[in-house]
Amino acid sequence: AAVATSAAPGKPQRLTGEQREDALRQVPKWSEVSGRDAIQREFLFADFTQAFAFMTRVALIADKHDHHPEWFNVYNKLHVTLSTHDCDGLSTRDIALAKTMDDIFDRKL
């Protein structure tokens, strides 16, 4: 189900109100960032190699969609923040990337 309002083609729209709440329910493992219109999640891996492999897979997908995460990696921990700079807040692009990251992590591809 689409959660963004109609606007100029290709330009992401900031999620607000009920659309935002519906979108956030789709990514229950992610939490809202205090003081910022963004979501975050920490991923834990067995070691650095697994963390880096995950980041590589996500990077290839994110780049293809021209939507890049903010992330910070130390050894087996990866902290990710998602927000759409083009609309200065949370958009369907962030929800889609969060779902993709969850799927890759849960399947341990």
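Here is a short report on the structure shown in this document. From a predicted model like this one, the values you see are computed outputs, not experimental measurements.

Notes on helix α2 (residues 48-64)
Part 1 of the reasoning: For α2, which comprises 17 residues, the first-to-last C-alpha distance of 24 Å matches the rise-based estimate of 24 Å (1.5 Å per residue) to within 8%.
Part 2 of the reasoning: Looking only at α2, the buried set comprises A51, F54, M55, V58 and A62. The buried residues of α2 occupy an angular sector of 100° when projected down its axis, which confines them to one face. Opposite the packed face of α2, turned more than 90 degrees from it, sit the exposed residues T49, L60, D63 and K64.

Topic: the pairing of strand β2 (residues 39-44)
Part 1 of the reasoning: Residues of β2 alternate between two faces, with I39, R41 and F43 buried on one and Q40, E42 and L44 left unburied on the opposite face.
Part 2 of the reasoning: With antiparallel pairing between neighbouring strands as the criterion, strand β1 (residues 31-32) and β2 make up a hairpin whose turn holds six residues, including G35 at a positive phi of roughly 75°.
Part 3 of the reasoning: Sheet analysis places β2 next to strand β4 (residues 77-82), joined by six bridges and oriented antiparallel. Note that in β4 the partner of L44 across the bridge is K77.

The rules behind these values
Residues numbered from 1 in each chain as written. Predicted model: local features only at pLDDT ≥ 70, side-chain atom pairs only at ≥ 80, totals over all residues. Heavy atoms only, no water. Helix = DSSP H or I, 4+ residues; strand = E, 2+ residues; numbered from the N terminus. Expected span 1.5 Å × (residues − 1). Buried < 20%, exposed > 50% of the residue type's maximum accessible area, 1.4 Å probe, protein only. Arc of directions from axis to C-beta. Pairing = 2+ DSSP bridges.

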